[in-house]
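Here's the letter readout for the chains.
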Amino acid sequence: MRAIHIVTTRLSSSFRPILLDFVAFSPPRHFSIPRRLICAATKANGGRSGSIAAPLVTEDFQKIDVNPPKGTRDFPPEDMRLRNWLFNHFKEVSRLFGYEEVDVPVLESEALFIRKSGEEIKDQLYCFEDKSNRRVALRPELTPSLVRLVIQKGKSASFPLKWFTLGQCWRYERMTRGRRREHYQWNMDIFGVPQVTAEAELISSIVTFFKRIGITASDVGFKVSSRKVLQELLNKYGVPENLFGRVCIIIDKIEKIPIDEIKKELGFTGISEDAIEQLLQVISVKSLDDLEDVLGGAGEAIADLKQLFSLAEKFGYSEWIQFDASIVRGLAYYTGIVFEGFDRKGKLRAICGGGRYDRLVSTYGGDDTPACGFGFGDAVIVELLKEKDLLPELGQEVENIVCALDEDLQGAAATVATTLRDKGQTVDLVLESKPLKWVFKRAARVNARRLVLVGKTEWENGSVSVKVLSSGEQLQVKLSDLD
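Note that this is a predicted model, so its numbers are computed, not measured.

## Some points on the confidence of the model for the protein chain
- On average, the protein chain scores 86 in pLDDT, and the residues at 70 or more come to 86%.
- This stretch, residues 1-55, has a pLDDT under 50; its non-local contacts, to residues over four places away or in other chains, come to 74 contacts.

## What to know about the UniProt feature "binding site: L-histidine" (unreviewed entry) in the protein chain
- UniProt annotation of "binding site: L-histidine" (unreviewed entry) refers to Glu141, Leu142, Thr143, Arg171, Gln185, Asp189, Arg329, Tyr333 and Tyr334 when read in the numbering used here.
- Tracing the sequence through the fold places Glu141 in the loop between strand S4 (135-138) and helix H6 (143-153).
- Of note is the side chain of Glu141, whose polar atom sits 2.6 Å from the side chain of Tyr333.
- Following the sequence through the fold, Gln185 ends up in strand S6 (residues 182-191).
- At 3.0 Å, the side chain of Gln185 forms a polar contact with the side chain of His183.

## Details of H6
- Turning to H6, its buried residues number three or more, namely Thr143, Pro144, Ser145, Leu146, Val147, Leu149 and Val150.
- Those residues of H6 that are buried lie in contact with strand S2 (107-109), helix H4 (111-114), strand S5 (161-170), S6 and helix H14 (360-363).
- Of the residues flanking the end of H6, it is Gly154, one or two places downstream, whose phi is positive at about 60°.

## Comments concerning unusual backbone geometry
- With an omega dihedral of 0°, the bond running from Phe159 to Pro160 counts as a cis peptide bond.
- Here Pro160 is to be found in the loop between H6 and S5.
- Its identity as a non-glycine residue notwithstanding, Asp389 has a phi of 55°, on the positive side.
- Tracing the backbone through its elements, the reader meets Asp389 in the loop between helix H15 (378-387) and strand S12 (400-404).

## Side note on the sheet that holds S6
- Pairing is mixed across the open sheet formed by eight strands, whose spatial order is S1-S5-S6-S11-S10-S9-S7-S8. Strand pairing shows two members of the sheet lacking a second neighbour, strand S1 (100-101) and strand S8 (321-323), which therefore form its edges.
- In the sheet, strand S9 (residues 337-343) pairs with strand S10 (residues 352-356) via four bridges, with the strands oriented antiparallel. From the neighbouring strand, Gly341 faces S10, where its bridge partner is Cys352.
- The sheet contacts of H6 involve S5 and S6, and relative to S6 the element is tilted by about 40°.
- Against the sheet, helix H8 (residues 227-236) touches strand S7 (220-226) and S9, its axis set at about 30° to S7.

## With respect to the packing of aromatic side chains
- In this structure the tally under the stated criterion is 21 aromatic pairs.
- Centroid distance Phe209 to Phe376: 5.2 Å. Interplanar angle 75°. Geometry classified as edge-to-face. Placement of Phe209 in helix H7 (residues 197-212) and of Phe376 in strand S11 (residues 371-377) is noted, with a sequence separation of 167 residues between them. Taken individually, Phe209 and Phe376 each receive the classification buried, so the pair is uniform in this respect.

## Some points on the sheet that holds S4
- Ordered by their spatial adjacency, three strands build an open sheet running S2-S4-S3, and the pairing between neighbours is antiparallel. Strands with a single pairing partner mark the edges of an open sheet, and in this sheet they are S2 and strand S3 (126-129). Averaged over all neighbouring strand pairs, the angle between strand axes comes to 35°, with direction disregarded.
- In terms of strand pairing, S3 meets S4 through four bridges, oriented antiparallel. Its bridge partner lying in S4, Phe128 is registered against Val136.

Parameters and conventions
- Residue indices follow the written sequence of each chain, beginning from 1 at its first position.
- Totals for whole chains, interfaces and linings use all residues, but because this is a predicted model, local features are given only for residues with pLDDT of at least 70 and pairs of side-chain atoms are given and counted only at 80 or more.
- Values shown for side chains rest on all heavy atoms present in the structure; no hydrogens or waters enter the calculation.
- A residue's pLDDT is simply how confident the predictor is in it, with values from 0 to 100.
- Note on contacts: a residue pair qualifies if any of its non-hydrogen atoms lie within 4.5 Å across the two residues.
- UniProt positions are given in the numbering used here, feature names are shortened, and annotations may be inferred rather than shown by experiment.
- Under the DSSP-based scheme used, a helix requires at least four consecutive residues in state H or I and a strand at least two consecutive residues in state E, with every element numbered from the N terminus.
- Definition of a polar contact: a pair of N or O atoms within 3.5 Å, with one able to donate and the other able to accept a hydrogen when the atoms are protein atoms, and with sequence-neighbouring residues admitted only if both atoms are side-chain atoms.
- Relative accessibility thresholds used throughout: buried, under 20% of the residue-type maximum; exposed, over 50%; partly exposed, between the two (1.4 Å probe, protein chains only).
- By definition, two strands form a pair when at least two bridges between them are found by DSSP.
- Fitted lines through C-alpha atoms serve as axes, helices being fitted only where they are in contact, and the angles separating the N-to-C directions of these axes extend from 0 to 180 degrees.
- Two rings from Phe, Tyr or Trp (for Trp, the six-membered ring) form a pair when their centres are within 6.5 Å of each other. A pair whose planes differ by under 30 degrees is stacked, one over 60 is edge-to-face, and the rest are tilted.

Printed below as a string of structure tokens:
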């Protein structure tokens, strides 16, 4: 940073301490000193232009940029109301399914993410070295942190664990519609259940959420597959297991880059041309019957998927899901069934996604623990609600506005406000003398139900005037009876 150089030798003693503070201050690049300060310095010495021996500020500074950093958001009240509405639905669905809420730090050890999340995550981390020379990162996702917490709980954990969390995640990536560099994510995870019933319930919870906010099966669907499909195919061609994660990450790009690029990247891994052609043929399969023709019916992948589709019928969401062998998910730690929520018009990126990650806990040093879960971001779903014209109208809502009709009655108005708040009612207390016209406009803006006026005569009688704004009815009410 560049310091502001100020000459104070010929300033009056009354103003010099103020400017000396600026001498010691090294402002950010976009900081600017108001012109009125420079004028005040001159005025303090009688307004003589020669009072300052040199220019007060030797360098011009731009005003601070009031926009948030690129890819991030502010949440003014109107946006915060929408966020709270969305989060409340996330939490209520989690509660309906019997999941407990947990939370984890937004700042984690960098190693937690770079070890097993995959190369893409490594390139997208907001990471740095802290003052104790430790490598840390803002979390790009929540699952590794939840796994860390499971390991920390150790033998005290009573399985199965059904956890949910809502947290902010950070990724430095190219921004598109519904994709920012920070977002809030809803996670639901199950630890300790190896059966496909866990994945089936997780998808059911997302369907329940969609229904609550007005989204139908004609708007949104789920593409479902299994990592075991690729695993069985690669085993057939003798592809080493250590290449599996890299292959999955490449296949995950299949709708994002041309097929020739996919082939080229797969070739770089050392896979044979025959294996690549067979692999691309398999991931184009869109039905379980066709997949069974290719792989046979004896493998785990087919068995798991058949069970999932059977459970979907029992849960009542079979119309929401479809098989798509190209779905592998980009994170390296998935081991079994994977799924993605998508909008059927194809205008948006994936709405949510998840799957099974049975080996992640043991990879971080814990005991072998079957696990699965999903992540659901807040950005894409809002874009979908806009697209479907389903965004709710969420104005501010206050039950009471309390206003003193005389400045001397401000204390009495505070007493009335406290009485109502103690009874659990919301109160917007007018904190300064305002005309009634202003108060009524304020009441309309915040959708107040009642206007409580504290007047001198009524207060002397222990009462207040209450006006019901929906009907216009007005009555005198004793403070003790006000509720």
